[in-house]
Amino acid sequence: MDQVIGYEHSRPFVEVPPPPKGLAKHPLCAGIVTEYNPFHSGHEWMIRQLRAGGIHTVVCVMSGPFVQRAEAGILPTHLRARAALAGGADLVLRLPVSWAVASAETFARGAVGLLSALGCVDVLAFGAECEDTNRLEALAGMLLAPEFVPVLKSELAKGVSFAAARAAAAERLMPGAAELLDTPNNILAVEYIKALLGVVPDVLRSKMDESVRFRVVNGLYGNSSEMDRLFPLPVPLALPRVGTRHDGPPAEGFASASWLRRVAGRDGVEAWAPYVPEACMKLYRQAEAQGAVLDYGRYEVALLSRLKAMRAQDFARHTGAGEGLENRLADAVQKATGLEQMYDLAKTKRFAHSRVRRLALSAALGLPQMPGVIPPFAQVLGASGKGLALLKRIKQNGMVPVSTSLAKLAKTGGEAEGVVRIEARAEDLHAMWLKSPQPGGGAYTHPAAMLVKDR
């Protein structure tokens, strides 16, 4: 359709910040961290806002078969990538599962690190309940400050969850911080900015040519200006969420992804029609007709069955274990007959629901204890004509290998082979949990989606 429902009465177009010094000669590129589970009109609104603000190319780093909520995506990876292109994205890259299902901090640094390592992203755009980017940056900087650590430790000593302790500690140092950290998109926004301010620049420096890195580390150019000149980081830009709150019912013509997933389980994907772009809706209808939609019942039984074969020491090998959670989860797994019952049995005041979910899924998928800061490669899931042009710049200037082929990326060295092996296993499991199960090997055989027609 030519217009997003509710689009005309949305807020004015955003003002995109100027590009980093030295990149003005290139068309502006914005990066978005996504899941598109599923892609809907709010996502299309965001991309249109960026284009109206002067963005030429939009590159997305998207979770694969499993998402940060620690559950399976409602649609297969390749189909969600096609929907992203149909909705306005130009280049879609995979965020490997070890980062995709991790905590907000690890998820953010992996995705932001990958976008930064491309060497061509000017703006990091994200939706947030707070659209004041400066305020979010101030909070991110405070969370990274040395004086925050002892305050956080004092709150953790009270026996509350990490999220609750962090919010309380932040409020003590920055009044109003707890309210900002009380909504999911703000939390991710702050983590994106933390990644840009903290560990991501350090990792990119380590990937530089040795002679350049020597000059940067030794400060001969002052304030790392050599890195800034050769490899500028994206500028963060918060965009407001429109229409509906997270997990809430539809409003102003927009629906949240969580609401769309719930209603699909009851009424099928046709219920999405008022809230997704028509080009995407065609793909969703086709997917449902082919049985390429998650069968939650099949997923629940299979996942719980895998978990019931594990013991506490098996859970202890994965990120999120510790403080006795592995024992609680092992006990809950044996007592539960459903996933939600298992999560409820394992969670406590100290062990948040989200931590329980991630530990369970990490164990079921056999994920490593802790992934690196930045994924070792960028797999192309889909590209438009503009995206293909951007790929040429990435191959010239980027700091990670890029390809449409996981098989080729597995041969690029370092941890790439292990990451690809985990990704292929995750895709195979997801394929078995669709309404019409598919054979294994899809991670290697599904071609990247191409949309070369000019927009």
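In this text the structure is predicted, and so the values were computed from the model without any measurement.

Novice: Can you break down the overall build of the protein chain residue by residue, with the values?
Specialist: Counting its secondary structure elements, the protein chain contains 23 helices and 10 strands. Per-residue burial over the protein chain gives 56% buried out of 455 residues. Here the contacts in the protein chain between residues at least 6 apart in sequence split such that 75% fall between residues at least 24 apart. As presented, the protein chain carries roughly 19,000 Å² of accessible surface, and 53% of it is formed by carbon and sulfur atoms.

Novice: Give a detailed account of helix H6 (residues 148–156), specifying residues and quantitative values.
Specialist: Listing the buried residues of H6 in full gives Phe148, Val151, Leu152 and Glu155. The arc that holds the buried residues of H6, viewed along the axis, is 100 degrees, so those residues lie on one side. In H6, those exposed residues whose orientation departs by more than 90 degrees from the buried face are Pro150 and Lys153.

Novice: Tell me what's going on with the environment of Trp433, and back it up with residues and numbers.
Specialist: Assignment of secondary structure puts Trp433 in the loop between helix H22 (416–432) and helix H23 (442–445). Measuring from C-alpha to C-alpha, the distance between Trp433 and Leu294 comes to 6.0 Å, with 139 residues separating the pair along the chain.

Novice: I'd like to hear about the packing of aromatic side chains, residue by residue, with values.
Specialist: Taken as a whole and assessed by the stated rule, the structure comprises seven aromatic pairs. Following the ring pairs from residue to residue traces out a cluster consisting of Phe66, Tyr296, Tyr299 and Trp433.

Novice: Which residues make up the layout of surface pockets, and what values do they have?
Specialist: As a volume, the second largest pocket reaches approximately 470 Å³. Lining of the second largest pocket is provided by 21 residues; of these, Glu71, Ile74, Arg261, Arg262 and Tyr296 occupy positions nearest its centre. Looking at the lining of the second largest pocket, the elements that each hand over two or more residues are strand E4 (71–72), helix H13 (257–267), helix H15 (296–308) and helix H18 (339–346). In terms of residue count, H13 provides more of the lining of the second largest pocket than any other element does, five residues in total. Along the lines of polarity and charge, the residues of the lining of the second largest pocket split into nine nonpolar, four polar and eight charged.

Novice: Hey, could you go over helix H5 (residues 133–144) for me, with residue numbers and the actual values?
Specialist: Helical geometry note: an α-helix holds 3.6 residues per turn, so side chains three or four residues apart project in the same direction. The terminal C-alpha atoms of H5, which comprises 12 residues, lie 17 Å apart, in line with the 16 Å expected from a rise of 1.5 Å per residue. Among the residues making up H5, those that are buried are Thr133, Leu136, Leu139, Ala140, Met142 and Leu143. Summarising the contacts, the buried residues of H5 are in contact with strand E6 (123–128), H6, helix H7 (162–173), helix H8 (177–180), helix H9 (184–197) and strand E7 (235–240). Here H5 starts with a cap whose side-chain oxygen sits 3.1 Å from the backbone nitrogen of Asn134, and that cap is Asp132.

Novice: Break down the pairing of strand E8 (residues 378–384) for me, with residues and values.
Specialist: E8 sits mainly inside the fold: seven of its seven residues count as buried. Sheet analysis places E8 next to strand E9 (residues 402–403), joined by two bridges and oriented parallel. Counted as the bridge partner of Ala378 is Val402 from E9. At this point the chain moves from E8, through helix H20 (residues 385–397), to the parallel E9, and the crossover so formed is right-handed. Relative to strand E10 (residues 449–451), E8 runs parallel, the two sharing three bridges. Bridging across to E10, Ser384 finds its partner in Leu451.

Novice: Which residues make up the nonpolar core, and what are the values?
Specialist: Considering soluble globular proteins, one finds that nonpolar side chains tend to be buried as a cluster. One finds Val59, Leu91, Leu118, Leu136, Leu139 and Tyr192 to be the most contacted residues of the largest nonpolar core, which totals 71 residues. In terms of residue count, helix H4 (residues 104–117) provides more of this core than any other element does, eight residues in total. Ignoring sequence-local partners within four residues, the contact set of Leu139 consists of Ala170, Met174, Ala177, Leu180, Leu181 and Val190. Counting residues in each nonpolar core, the second largest holds 45 residues, with Ile55, Ala125, Trp259 and Leu260 among its members.

Novice: Can you tell me about the pattern of salt bridges, naming the residues and giving the values?
Specialist: All chains considered together, the criterion is met by 21 salt bridges. Between Lys194 and Glu191 there is a salt bridge whose closest N-O contact spans 3.3 Å. In this pair, Lys194 and Glu191 are both assigned in helix H9, three residues apart and thus about one turn of the helix distant. No difference in accessibility class separates Lys194 from Glu191, as the two residues are buried. When the shortest N-O distance is used, the salt bridge between Arg266 and Asp267 registers 3.1 Å. Residue Arg266 is classed as exposed on the basis of its relative accessible area, which comes to 60%. A relative accessible area of 44% places Asp267 in the partly exposed class. Ionic contacts of the salt-bridge type, sharing partners, join the residues Arg69, Glu71, Arg261, Glu340 and Arg357 into one network.

Novice: An account of the confidence of the model for the protein chain is requested, with residue identities and associated values reported.
Specialist: Averaged over every residue, the pLDDT of the protein chain is 89; residues scoring 70 or more account for 87%. Note that residues 1–13 has pLDDT below 50 and, in this model, 35 contacts with residues that lie over four places away or in other chains.

Novice: Any chance you could break down the packing of H15 against H18 for me, citing the residues and the numbers?
Specialist: Relative to each other, H15 and H18 sit at 45 degrees, their axes nearing to 10 Å. Here H18 runs oblique to H15, going by the angle between their axes. Between H15, through Tyr296, Tyr299, Glu300, Leu303, Leu304 and Leu307, and H18, the contact on the second element is made entirely by Leu339, Glu340 and Met342. Among the residues making up the contact of H15 with H18, the classes are represented as seven nonpolar, no polar and two charged.

Novice: Tell me what's going on with the packing of H6 against H7, and back it up with residues and numbers.
Specialist: Contact geometry for H6 and H7: axes closest at 8 Å, N-to-C directions at 130 degrees. Classified by the angle their axes make, H6 and H7 are oblique. The interaxial crossing formed by H6 with H7 has right-handed handedness. On H7, the residues that touch Phe148, Val151, Leu152, Ser154, Glu155 and Leu156 of H6 are Phe162, Ala165, Arg166, Ala168, Ala169, Ala170, Arg172 and Leu173.

Novice: An account of the side chain of Ser161 is needed here, citing residue identities and associated values.
Specialist: Structurally, Ser161 is set in the loop between H6 and H7. Residue classification places Ser161 among the buried positions, given a relative accessible area of 10%. In this structure Ser161 touches Leu156, Lys349, Arg350 and Ala352, once residues within four positions along its chain are discounted.

How each quantity is defined
- Residues numbered from 1 in each chain as written.
- Predicted model: local features only at pLDDT ≥ 70, side-chain atom pairs only at ≥ 80, totals over all residues.
- Heavy atoms only, no water.
- Helix = DSSP H or I, 4+ residues; strand = E, 2+ residues; numbered from the N terminus.
- Buried < 20%, exposed > 50% of the residue type's maximum accessible area, 1.4 Å probe, protein only.
- Contact = heavy atoms within 4.5 Å.
- Areas by Shrake-Rupley, 256 points an atom, 1.4 Å probe, with all protein chains shown as cover.
- Arc of directions from axis to C-beta.
- Phe/Tyr/Trp six-rings, centres within 6.5 Å; stacked < 30°, edge-to-face > 60°.
- 1 Å grid on protein atoms, 1.4 Å probe; cavity = no way out; pocket = protein on both sides within 12 Å on 5 of 7 lines; lining within 4 Å.
- Points joined across faces, edges and corners; volume = space filled by probe spheres on them.
- Nonpolar A, V, L, I, M, F, W, Y, C, P; charged D, E, K, R; others polar.
- Expected span 1.5 Å × (residues − 1).
- Polar contact = N/O pair within 3.5 Å; in protein donor to acceptor, adjacent residues only side chain to side chain.
- Pairing = 2+ DSSP bridges.
- Right-handed = clockwise from strand over helix to strand, strands pointing away.
- Core = buried A, V, L, I, M, F, W, Y, C linked by side-chain atoms within 4.5 Å.
- Salt bridge = Lys/Arg side-chain N within 4 Å of Asp/Glu carboxyl O.
- pLDDT = per-residue confidence, 0-100.
- Axes fitted to C-alpha atoms, helices over the stretch in contact; angles between N-to-C directions.
- Parallel < 35°, antiparallel > 145°, perpendicular 65-115°, else oblique.
- Left-handed = near helix turned anticlockwise from the far one by under 90°.

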